[in-house]
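# Fold and geometry: a report
These are the residues of each chain, in order.
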Amino acid sequence: MAEESDQEKTEAPSQQRLDKAREEGQVPQSRELATFVVLMAGGSAMWMMASGMGQTLSGIVRGGLQFEPAIARDSAQVMNQFSSQVVEAALALAPFLAVVVIATLAAPFMTHGWLFSAKALAPKFNRLNPISGIKRILSSQGLIELVKSLAKVGLLGVVATWLIWSNIDAIFSLSLETPSTAIRHMGDLIGKVFLLASGAMILIVALDLPYQLWHHYHKLKMTKEELRQEAKESEGDPHLKARIRAQQREVARRRMMSEVPTADVVVTNPTHYAVALKYTEGKMGAPRVVAKGADAVAAKIRELAAENRVPLLEAPPLARALFRHTELGDEIPATLYTAVAEVLAYVFQLRHYQQVGGVYPNAPTALPVPPELDPLQATS
């Protein structure tokens, strides 16, 4: 029983499974939604542009049917006239075609975004097997598609018939109008009937879209064994683990570097270590380490501090002690309170000098750093 339950697809698909399916072109698709969007956009464009397009195209047809002996005997003039009429017709139809193209491109974005997958375009010769084709037709999905097709044909047929019947007087009255007026009114009627008939498809879309999303999700469900195997492969891949650790270190380094401009002072070795300290009175019990680094990272901290006018203080024993005995976000050790207090006092005096003037403060020297906290002195 346990083995059978492990082979049943009862687990939600993992993100890795979803990503892989997307790479292979397997995404939720609703043909009904795409058809509805294209038809509504085309119908709206036809309704709004029918009058202008009809007048332009009828003018082109009238011009093409006129017989001028001088032009008819000159093949070059005939081709020039034909070319100009083709260009004029293309320009008249361009706005309508542009709306249809935009709707065609926008429809997939509503469900899964734009996606191009070379794997989805690869030929699959097993689809040429007639037995497999019959199985697909007789499958539950095939039967559902058949029901949807019959429902579409029936719904659109009923709505279109009702719309035409309700506008039968307007259709017959076209024969009593002048050609230009009749063309304009006929375009309006066609656009109106087409738009309203297409709008009826919203009922099918409302049923099909949730089903397609559920069907796609259900199809990608996994067994418990597949989940265990995927987790084992992910955890056991040293390249993946190394890449994740590298990304985590990079994120942490960027976050740390963003804190340097807000620091009160950067204590340096002067070149090997750099530790940035920040203290906000009333919010912090003691100064905190907001950034620290060695070698290249220390050089970057010093560079950012100089660019943002954060004071740099050369105090090698204190820099070594802070680097060794603190982590990012930690308050400084109590044994270094006195030394850091002298540093912050110097920083506050320096700020006062920069704002008001007066006597330039002297940088503190011989800071009281316990020898056991300085790695250099502790090993000597």
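Scroll up for the structure.
What counts, and where the lines are drawn
- Residues numbered from 1 in each chain as written.
- Predicted model: local features only at pLDDT ≥ 70, side-chain atom pairs only at ≥ 80, totals over all residues.
- Heavy atoms only, no water.
- Helix = DSSP H or I, 4+ residues; strand = E, 2+ residues; numbered from the N terminus.
- Buried < 20%, exposed > 50% of the residue type's maximum accessible area, 1.4 Å probe, protein only.
- Contact = heavy atoms within 4.5 Å.
- Phe/Tyr/Trp six-rings, centres within 6.5 Å; stacked < 30°, edge-to-face > 60°.
- Lys NZ or Arg CZ within 6 Å of the ring centre and 35° of its normal.
- Pairing = 2+ DSSP bridges.
- Axes fitted to C-alpha atoms, helices over the stretch in contact; angles between N-to-C directions.
- Patch = residues over 30% accessible without salt bridge, like charges linked within 9 Å, V, L, I, M, F, W, Y side chains within 5 Å.
- Areas by Shrake-Rupley, 256 points an atom, 1.4 Å probe, with all protein chains shown as cover.
- Salt bridge = Lys/Arg side-chain N within 4 Å of Asp/Glu carboxyl O.
- Polar contact = N/O pair within 3.5 Å; in protein donor to acceptor, adjacent residues only side chain to side chain.
- Core = buried A, V, L, I, M, F, W, Y, C linked by side-chain atoms within 4.5 Å.

### Thoughts on the overall build of the chain
Along the chain, the regular secondary structure elements total 17 helices and 4 strands. Here the chain holds 380 residues, and the buried ones make up 29% of them. Relative to all contacts within the chain whose residues are 6 or more apart in sequence, the contacts with residues 24 or more apart total 74%.

### As for the packing of aromatic side chains
One pass over the full model with this rule turns up 2 aromatic pairs. Ring plane angle 80° and centroid distance 5.0 Å describe the contact between Tyr353 and Tyr360, whose orientation is recorded as edge-to-face. For Tyr360, a relative accessible area of 45% translates into the label partly exposed. Note that Lys292 overlies the ring of Phe323, its terminal NZ or CZ placed 4.8 Å from the centroid.

### Quick look at the sheet that holds strand 1 (residues 265–268)
Strand order in the open sheet formed by 4 strands is 3-2-1-4, with mixed pairing between adjacent strands. One side of each edge strand has no neighbouring strand; the edge strands of this open sheet are strand 3 (288–294) and strand 4 (312–314). Going from strand to strand, the sheet's axes swing by 20° on average, the running direction of each strand aside. Sheet contacts for helix 15 (residues 316–325): strand 1, strand 2 (273–278), strand 3 and strand 4; angle to strand 2, the most-contacted strand, approximately 80°. Each of strand 1, strand 2 and strand 4 is contacted by helix 16 (residues 337–356), which is oriented at about 130° to strand 1, the strand it contacts most.

### Comments concerning the pairing of strand 3
For a regular strand, side-chain orientation follows a simple rule: the groups alternate between the two sheet faces. Most of strand 3 sits out of view: 5 of its 7 residues are buried. Direction of pairing for strand 2 relative to strand 3: antiparallel, over a ladder of 6 bridges. The residue of strand 3 that forms the bridge with Tyr273 is Ala294.

### Section: the environment of Thr271
Among the structural elements, Thr271 can be located in the loop between strand 1 and strand 2. C-alpha of Thr271 to C-alpha of Pro316: the two residues are 45 residues apart in sequence and 9.2 Å apart in space. In contact with Thr271, not counting residues within four places along its chain, are Asp295, Ala298 and Arg302.

### Some details on a nonpolar patch on the surface
Among the surface-exposed residues, Leu57, Leu93 and Leu97 lie close enough to one another that they form a single nonpolar patch of about 220 Å² accessible area. Relative to the helices and strands, Leu93 resides in helix 5 (residues 75–109). Take Leu93: its relative accessible area is 32%, and that puts it in the partly exposed class.

### What about the pattern of salt bridges?
If charged atoms from side chains of opposite charge come close, those side chains can pair. Scanning all chains against the criterion turns up 5 salt bridges. A salt bridge links Asp264 to Arg351, with the shortest nitrogen-to-oxygen separation between them at 2.6 Å. Separated by 87 residues along the polypeptide, Asp264 in the loop between helix 13 (238–259) and strand 1 and Arg351 in helix 16 bring together distant segments of the chain. With relative accessibility at 7%, the residue Asp264 sits in the buried group. For Asp374, the salt bridge is made with Arg320, and the minimal N-O distance between the two is 2.7 Å.

### What about the side chain of Asp374?
Mapped onto the elements of the fold, Asp374 is located in the loop between helix 16 and helix 17 (375–379). Owing to a relative accessible area of 0%, Asp374 belongs among the buried residues under this scheme. Engagement of the side chain of Asp374 in a polar contact is seen with the side chain of Arg320, the distance being 2.7 Å.

### With respect to the pairing of strand 2
Burial runs high along strand 2: 5 of the 6 residues are buried. Both strand 1 and strand 2 contribute to a ladder of 4 bridges, which runs antiparallel. Its bridge partner being in strand 2, Val266 is matched across the sheet by Ala276.

### Overview of the nonpolar core
Of all hydrophobic cores here, the largest spans 24 residues; its most connected members are Leu277, Leu318 and Leu336. Counting only elements with at least two residues in this core, the list comes to strand 1, strand 2, helix 15 and helix 16. The greatest single-element share of this core, amounting to 7 residues, is contributed by helix 16. Each residue touching Leu318, except ones within four places of it in the same chain, is listed here: Val267, Leu336, Ala339, Val340, Val343, Leu367 and Val369. Core analysis: the next-biggest nonpolar cluster, separate from the first, contains 14 residues, Val260, Ala263, Val290 and Ala291 among them.

### Focus on the environment of Ser14
Residue placement: Ser14 occurs in the loop between helix 1 (2–7) and helix 2 (15–23). Look at Ser14 and you get buried, because its relative accessible area is 13%. Distance from Ser14 to Met222, taken between C-alpha atoms, is 8.0 Å for residues 208 residues apart in sequence. Beyond its immediate sequence surroundings of up to four residues, Ser14 is in contact with Met222, Leu227 and Glu230.

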